[in-house]
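Notes for the structure review
Read off the chains here:
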Amino acid sequence: MMRAKVNQGINLNDYNGVWVIGEQREGKINPVTIELIGEGRKLADQLGKELAVVIVGYEVEKEVKELLHYSVDKAYYINDPLLKDFTTDGYAISIAGLIEEKKPEVVLVGATSIGRDIAPRIAGKVGTGLTADCTKLEIDSTDNKLLQTRPAFGGNLMATIVCPKNRPQMSTVRPGVMAKAVRTESETGVLEVVTPELNEKMIRTRLVEILPKEKKSINLTDARIIVSAGRGLKRAEGFELIKELADKLGAEIGASRAAVDSGWIEHSHQVGQTGTTVRPELYIACGISGAIQHLAGMSDSKYIVAINKDSKAPIFSICDYGIVGDLYEILPEMIESLNR
Ligand SMILES: Cc1cc2nc3c(=O)[nH]c(=O)nc-3n(C[C@H](O)[C@H](O)[C@H](O)COP(=O)(O)OP(=O)(O)OC[C@H]3O[C@@H](n4cnc5c(N)ncnc54)[C@H](O)[C@@H]3O)c2cc1C
């Protein structure tokens, strides 16, 4: 399949419904899929149209059926032995083929490493517009177009982008930003198995081996509690104190970019615009000033507790509870009272 021409003069009325391109790895559904279904449901309801989820893979029917519990109207399962492992060509060709056949009007893709790889290729193949890394999606009530908002220029500008003349309207969406769909006991939608037109020659990459991550991966997106620290720690050893509190609370450890850039902790812990977006029940910010790029990643937390020496630090303007003081005095007291 070649790249399609962009100005195709298509009839917009031929296109219908909202699609979520879900993601599975070794049969495990990526949580961003459930977030996109939650968001997709809202958009589909506003448009008065159907919501479908698409999963590509082989021998994962059980996992695809499970998605019918999340208020989708349809699940397309693109099933082929050639799709057992992820390849850019295999996935992009088979999804683009289904889009050309069924003509959805909106297609949402998670901004994961797989999603960021395939979304532009799909958009190129079907000849439409794509907005990357959206943090907000809305339907324009005057003309039913999708308003796709994303941070631009280092988060200093929020750009709202529309795709007026081409379909589908495609967006990749940041993991962790949208609220998850809720599971219901009964299945709501129907499963349709799709056999793509694929042969081995179409797939130009060969998977040789998948290596597991060496380090224990941390999961900030799903953490219920996060204890996070910034430059106010002053030294790497400070994270031992953070870890002590985190262990007491069953929390994951977060960090500001300043702490990561200082080499005190790995980037996988970074919260913010260029790190992970989180929305835990409780976010404890220790020695973090609250720069806009940090707030971009955590301001949707349910409760925010800030510990900072500077009473004028911007973090205090968004926190629910603030403690002005030295974290090296306050954290040991918190740990001690949790021990009691
Ligand atoms: C394009 C771009 C992307 C960015 N992406 C991110 C991102 O994803 N995440 C991110 O975090 N930043 C990001 N930044 C950087 C961001 O602008 C800030 O520089 C950074 O968040 C500051 O980190 P901090 O709050 O730890 O440090 P600082 O701003 O230096 O704040 C340290 C705070 O600690 C307090 N403090 C000092 N000593 C103590 C003590 N003993 N006890 C208690 N408090 C103390 C100080 O009062 C101060 O408020 C980005 C910047 C740019 C330009």
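Residues numbered from 1 in each chain as written. Predicted model: local features only at pLDDT ≥ 70, side-chain atom pairs only at ≥ 80, totals over all residues. Heavy atoms only, no water.

Concerning the packing of aromatic side chains
One pass over the structure, following the stated rule, counts 2 aromatic pairs. For the ring pair W19 and Y76, a centre distance of 5.2 Å and an interplane angle of 50° mean the geometry is tilted. Residue W19 is found in strand β1 (residues 18-21), and its partner Y76 is found in strand β5 (residues 74-79); the two are separated by 57 residues along the sequence. There is no split in this pair, since W19 and Y76 are both buried. (Phe/Tyr/Trp six-rings, centres within 6.5 Å; stacked < 30°, edge-to-face > 60°. Helix = DSSP H or I, 4+ residues; strand = E, 2+ residues; numbered from the N terminus. Buried < 20%, exposed > 50% of the residue type's maximum accessible area, 1.4 Å probe, protein only.)

Some details on the pairing of strand β14 (residues 252-255)
Summarising the sheet, strand β13 (residues 225-229) and β14 pair through 4 bridges and their orientation is parallel. Looking at β14, one finds that A229 is bridged to A255. Taking the sense of rotation as the criterion, the β-α-β connection linking β13, helix α5 (residues 238-249) and β14 turns out right-handed. (Pairing = 2+ DSSP bridges. Right-handed = clockwise from strand over helix to strand, strands pointing away.)

Side note on the site of the ligand
Surrounding the ligand, one finds 26 residues, the nearest of these being R231, S256, T274, S289 and N308. Between an oxygen atom of the ligand and a main-chain N or O atom of Q273, the distance comes to 3.0 Å. Starting from 980 Å² of accessible surface for the ligand in isolation, the protein chains cover 78%. Elements represented by at least two residues in the shell around the ligand include exactly α6 (257-261) and α7 (292-295). Its residues placed into classes, the shell around the ligand shows 5 nonpolar, 15 polar and 6 charged. (Near = heavy atom within 4 Å. Polar contact = N/O pair within 3.5 Å; in protein donor to acceptor, adjacent residues only side chain to side chain. Areas by Shrake-Rupley, 256 points an atom, 1.4 Å probe, with all protein chains shown as cover. Nonpolar A, V, L, I, M, F, W, Y, C, P; charged D, E, K, R; others polar.)

Digging into the side chain of Q169
Along the chain, Q169 turns up in strand β11 (residues 169-173). A relative accessible area of 1% places Q169 in the buried class. Excluding anything up to four places from it in sequence, Q169 contacts E105, V106, V107, G129, K145, L146 and C163. (Contact = heavy atoms within 4.5 Å.)

Let's talk about the sheet that holds strand β16 (residues 303-308)
Taken in spatial order, the 5 strands of this open sheet run β14-β13-β15-β16-β17, and their pairing is parallel. If you trace the sheet from one side to the other, it starts and ends with β14 and β17 (321-324), each paired once. Averaged over all pairs of adjacent strands, the angle between their axes in this sheet comes to 15°, without regard to strand direction. Together, β15 (282-286), β16 and β17 form the strand contacts of helix α8 (residues 327-339), whose direction differs from that of β16 by roughly 130°. (Axes fitted to C-alpha atoms, helices over the stretch in contact; angles between N-to-C directions.)

A look at helix α1 (residues 32-47)
For α1, spanning 16 residues, the distance from its first C-alpha to its last is 22 Å, which sits close to the expected 22 Å at 1.5 Å a residue. In terms of burial, α1 is a largely internal element, 13 of the 16 residues being buried. (Expected span 1.5 Å × (residues − 1).)

Concerning helix α4 (residues 113-126)
Counted at 1.5 Å a residue, the expected span for α4 with its 14 residues is 20 Å, and the 21 Å between its end C-alpha atoms agrees. Downstream of α4 by a residue or two, G127 has a phi angle that is positive, lying close to 70°.

Section: the environment of G254
You can see G254 is positioned in strand β14. You can call G254 buried: its relative accessible area is 0%. Along the primary structure G254 and G57 are separated by 197 residues, whereas in three dimensions their C-alpha atoms are 33 Å apart. Among all residues touching G254, those that are not within four sequence positions of it are L220, I226, V227, S228, A229, F239, H269 and V271.

The analysis is restricted to geometry; functional conclusions fall outside its scope.
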